[in-house]
Amino acid sequence: MRFSLLSSLLILLLLLVALPAAAAGVEMTGLRFWSNPGYTRVVLALSGTAEYTANFLPGNERNGVNPRLYVDIAATLAATVPETTEVGDGLLRRIRAGRPDAKTVRVVLDLNSFKDYKVLPLADPFRIVIDIAGNRPAELSSVKPELRAPSAGTKDSIARILENVPEDRPLKVHIPPKAAQNGLRRIVVDAGHGGKDPGAIGPSGIQEKDVTLAVARTLARHLEEDLGCEVVLTRNSDVFLPLEERTAIANKVGADLFISIHANASTNHSAYGTETYYLNFAKNDKAAAVVARENGTSLKQVSDLELILFDLMANSKINESSRLAAEIQKSLIDRLRRHYSDTRDLGVKQGPFYVLLGATMPSVLVETAFISHKREEALLIDQKYHERTAAAITQGVRNYATALKMIAAR
Ligand SMILES: [Zn+2]
């Protein structure tokens, strides 16, 4: 559609009216952090979309001045946000929140060590994610993550998740004394979407969040029984879980693999098939569309994210992830084809998925089938299909682990 001068003016007028009104109401409502091996993640929660700038001040070792990172946000500060949050994890000393003027919140990160940092916005609810990468002193990095106590007044988000897990199938997050070298001990299975985020919705009203939870639970059982692994589910009920918390859980429990389960969707209702993704640049428009949908972002934001990813990728396990994705995809197609002649191999693809972002272990996202396709929607609510899909993914994990000698060949 071509815009006329009049409609352009109208939009400009709307923007002028809407923007200051929106900015005036935005409040920073909280901050959270996770200490992970190799990086620390800080999340600033806001009540709405806000403009922000990030600035880095290099330290001066001779004068004993530590490096600092500060983010200025056009917002007000909730009284519940503490002025100072002590972190002391070897990378990040503490977080300070203040108001240099009535219209600005300034969050200062006092750093110990520093290699690289990333600041990126996430939508719905709007929040600002800050990842600080660096070299943690050896004695600190050997401390188990759950032993690094969150500072007073800050509710550790993992603890919060664990509290909300229903009784019927509690999350198991006990860490064995020491994981075997190269062993496959612990796998995090992530059921996509949940709570207020239904994911994609099928023609007869089936919601992706219910399908992913059912498949994830079945997969957890297969991985435990067939491979003897410990499995941690990121969610085990119909709860909303921000994307960054999902990989944070995987990093926190020291998972060896991260598998996110989803169901695909397309505006083209004849589209169907099975595909597996790993974190990388979106190579084509269709992949970018899947990425945008799973991230809850627009296509424009996806390309912004690609720039941020360029550096982050250097630290992720791209090769292992692509190998894991290939094994899972191959096994899915081989096994499902035995029972469903219409199984279509859409192959292994790449995309900048938020949910895989920051994972320090090989991680993949499986789009089991198209919920927007009538026949596949029916499959996605069929327990037999869940069992077969779970068995196939488990076989893919086994093949991956056997090839890398993570487990003995059987
Ligand atoms: Zn999804």
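No experiment lies behind these values; they were computed from the predicted model shown.

K.L.:
Can you walk me through the pairing of strand β11 (residues 186-191) in this structure?
P.N.:
Every regular strand shows the same layout, with side chains that alternate between the two sheet faces. Most of β11 is tucked away: six of the six residues are buried. Every second residue of β11 is oriented toward a common face, with R186, V188 and D190 on one face and I187, V189 and A191 on the other, all of them buried. In the sheet, β11 pairs with strand β12 (residues 230-233) via four bridges, with the strands oriented parallel. By the bridge assignment, I187 is partnered in β12 with V231. Following the chain from β11 across helix α4 (residues 208-227) to the adjacent parallel β12, one finds a crossover that is right-handed.

K.L.:
For this particular structure, what's the right way to read the sheet that holds strand β5 (residues 76-77)?
P.N.:
The strands making up a sheet associate through hydrogen bonds between their backbones, and the pairing can be parallel or antiparallel. Taken together, the five strands give an open sheet; going across it, the order is β5-β1-β2-β10-β9, and neighbouring strands pair in mixed fashion. Pairing within the sheet leaves two strands with one partner each, and these edge strands are β5 and β9 (116-122). Against the sheet, helix α5 (residues 243-252) makes contact with β1 (27-36), β2 (39-46), β9 and β10 (127-133), and its axis sits at roughly 25° relative to β1, the strand it touches most.

K.L.:
Looking at this structure, how should I read the coordination of the zinc ion?
P.N.:
Geometry sets the ideal angles at a metal, namely 109.5 degrees for four tetrahedral donors and 90 or 180 degrees for six octahedral donors. For the zinc ion, the full set of protein donor atoms is H193 (NE2), E208 (OE), H262 (ND1), E294 (OE) and E294 (OE), at a range of 1.9 to 2.5 Å. Mapping the donors of the zinc ion onto the primary sequence yields the spacing H-x14-E-x53-H-x31-E. Of this pair, H193 sits in the loop between β11 and α4 while H262 sits in strand β13 (residues 257-264), placing them 69 residues apart in sequence. Overall, the relative accessible area of 4% leaves H262 in the buried class.

K.L.:
For this particular structure, what's the right way to read α5?
P.N.:
Given 3.6 residues per turn, any residue in an α-helix points the same way as the ones three and four places further on. For α5, a buried count of 10 out of 10 residues is recorded, marking the element as mostly surrounded by other parts of the structure. Buried within α5 are the following residues: L243, E244, E245, R246, T247, A248, I249, A250, N251 and K252. Following α5 by one or two positions, G254 adopts a phi angle in the positive range, close to 65°.

K.L.:
Please clarify how the packing of α4 against helix α10 (residues 383-403) should be interpreted in this entry.
P.N.:
If you want to describe how two helices pack, look at the angle between their axes and the distance between the axes. Running from amino to carboxyl end, α4 crosses α10 at an angle of 45°, the nearest separation of the two axes being 8 Å. In this view, α4 runs oblique relative to α10, as classed from their interaxial angle. α4 and α10 meet at a crossing whose hand is right-handed. Judged by residue contacts, A214, V215, T218, L219, R221, H222, L223, D226 and L227 of α4 engage H386, E387, T389, A390, A391, I393, T394, V397 and R398 from α10. When grouped by side-chain class, the residues that make up the contact of α4 with α10 number nine nonpolar, five polar and four charged.

K.L.:
So what exactly am I meant to see when it comes to the pairing of strand β7 (residues 92-101) here?
P.N.:
Where strand β6 (residues 84-86) meets β7, three bridges bridge the pair, whose relative direction is antiparallel. Each residue of the ladder has a partner; that of E86, found in β7, is R94. Hairpin geometry of β6 and β7 is characterised by an intervening segment of five residues between the two adjacent antiparallel strands and by a positive phi of about 60° at G88. Direction of pairing for β7 relative to strand β8 (residues 104-111): antiparallel, over a ladder of seven bridges. The partner of D101 across the bridge, within β8, is T104. Here β7 folds back onto β8, and the loop between the two strands holds two residues.

K.L.:
Which parts of the structure should I look at to understand the pattern of salt bridges?
P.N.:
Oppositely charged side chains can pair when the atoms bearing their charge come close. All told, the structure shown has 12 salt bridges when counted by the stated rule. Of the charged contacts in the structure, one is a salt bridge between D190 and R246, with a shortest N-O distance of 2.7 Å. In this pair, D190 sits in strand β11 while R246 sits in helix α5, placing the two residues 56 residues apart along the sequence. What makes R246 buried here is its relative accessible area of 1%. Here E387 makes a salt bridge to R221, at a shortest N to O gap of 2.4 Å.

K.L.:
Can you help me understand the side chain of S260 in this one?
P.N.:
In this fold, S260 is placed in strand β13. Overall, the relative accessible area of 0% leaves S260 in the buried class. At 3.2 Å, the side chain of S260 forms a polar contact with the side chain of H262. Ignoring anything within four residues of it in the chain, the contact list for S260 reads D190, V355, V364, L365 and V366.

K.L.:
Mind showing me how you'd approach the nonpolar core here?
P.N.:
Where a protein is soluble and globular, its nonpolar side chains tend to be buried together. Of all hydrophobic cores here, the largest spans 44 residues; its most connected members are I187, V189, I259, I328, I393 and V397. Going through the elements one at a time, β11, α4, β12, β13, α8 (318-339), β16 (363-370), α9 (374-380) and α10 are the ones with two or more residues in this core. When residues in this core are grouped by element, the largest group, eight residues, is from α4. Beyond its immediate chain neighbours, meaning those up to four positions away, I328 contacts I259, T276, V364, V366, I393, G396 and V397.

Reading the values: rules and limits
- Residues numbered from 1 in each chain as written.
- Predicted model: local features only at pLDDT ≥ 70, side-chain atom pairs only at ≥ 80, totals over all residues.
- Heavy atoms only, no water.
- Buried < 20%, exposed > 50% of the residue type's maximum accessible area, 1.4 Å probe, protein only.
- Helix = DSSP H or I, 4+ residues; strand = E, 2+ residues; numbered from the N terminus.
- Pairing = 2+ DSSP bridges.
- Right-handed = clockwise from strand over helix to strand, strands pointing away.
- Contact = heavy atoms within 4.5 Å.
- Axes fitted to C-alpha atoms, helices over the stretch in contact; angles between N-to-C directions.
- Donors = N, O, S within 2.8 Å, 3.2 Å for Na, K, Ca; no water.
- Parallel < 35°, antiparallel > 145°, perpendicular 65-115°, else oblique.
- Left-handed = near helix turned anticlockwise from the far one by under 90°.
- Nonpolar A, V, L, I, M, F, W, Y, C, P; charged D, E, K, R; others polar.
- Salt bridge = Lys/Arg side-chain N within 4 Å of Asp/Glu carboxyl O.
- Polar contact = N/O pair within 3.5 Å; in protein donor to acceptor, adjacent residues only side chain to side chain.
- Core = buried A, V, L, I, M, F, W, Y, C linked by side-chain atoms within 4.5 Å.

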